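What follows is each chain in one-letter form.
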Amino acid sequence: NFLGIALLQVVVSFIGWVQTALTYAYLPELTSDETLLNDYTKSFTMASFSSMVVYLGIIIGALELAGYGDDDLLTNKVAMAVAFCSNALLLTYAWGYLFDNRGRMHELPADKSLWAAGFVQLYNTATHIAKNYTALKWFYLSIAMSDAAIQALITISITYKTDQLQFTSQENGISAGCTLLGSVPGAVVANLVTKATDPITSSQASVILLLLTTASFSIFLTGPEQQVETY
């Protein structure tokens, strides 16, 4: 079962990131004003993380009230079931009814496959950037590496809290909720820093803060009975 679950997790993560990328791709079409676009991005980030906090609160609160807060297996099953039903309903409504029809930007050659066209275009764009825009090339590489590190950190932190700090599923959920809740004011601060400086400086500051907080986590949180310090 482990292999099957792992493969399904890869598929789910891939679909989730595709959906997120498509959503962000629509933001520049809303306005050409950089300041307004920055505000839209901030609002989208705040709404996204706030909804995650609400989701965690509902799952943890409902199971606790029902007396199953310590049942890790049931917690995971309920969480996945609620996530599936919510996504099936909300994504269908959002992509099916809220977004207007959008014309295609490129003509698909007769001898090309639609499944491969996106990857070919991505390769051509990446090659063009690598050859002609050195600064942009390194910026994208930095973003790719930092985002991959953040995703790996999420998985590692859950494993660390479960094995090293002896957290239950409920405590892991509360910890994740605290992290997501902190992302809301973080989006506001990032917006202010971007306006005061520039997007690159804001990105650099966020990566440095992530390094410092991660190092502090590993230094000061070393054993059980440190729930309060973790939160």
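Residues numbered from 1 in each chain as written. Predicted model: local features only at pLDDT ≥ 70, side-chain atom pairs only at ≥ 80, totals over all residues. Heavy atoms only, no water.

Enquirer: So what exactly am I meant to see when it comes to unusual backbone geometry here?
Expert: Glycine aside, the phi torsion of most residues is negative, and most peptide linkages are trans. The backbone phi angle of glutamine 166 is positive, close to 60°, even though this residue is not glycine. Take glutamine 166: it is sitting in the loop between helix H5 (134–163) and helix H6 (169–196). Positive phi outside glycine occurs at glutamate 225, with the angle close to 60°. Position of glutamate 225 among the secondary structure elements: in the loop between helix H7 (199–220) and helix H8 (227–230). Look at glutamate 225 and you get exposed, because its relative accessible area is 67%. (Helix = DSSP H or I, 4+ residues; strand = E, 2+ residues; numbered from the N terminus. Buried < 20%, exposed > 50% of the residue type's maximum accessible area, 1.4 Å probe, protein only.)

Enquirer: Would you take a moment to explain the environment of threonine 230 for this structure?
Expert: Structurally, threonine 230 can be placed in helix H8. Looking at threonine 230, the relative accessible area reads 13%, which means it is buried. Sequence separation between threonine 230 and phenylalanine 220 is ten residues, and the spatial gap between their C-alpha atoms is 9.2 Å. Not counting the four nearest positions on each side in its chain, threonine 230 is found in contact with Lys161, Leu165, Phe167, Ser175, Phe217 and Leu221. Within polar-contact distance, the side chain of threonine 230 engages the backbone oxygen of glutamine 226 at 2.8 Å. (Contact = heavy atoms within 4.5 Å. Polar contact = N/O pair within 3.5 Å; in protein donor to acceptor, adjacent residues only side chain to side chain.)

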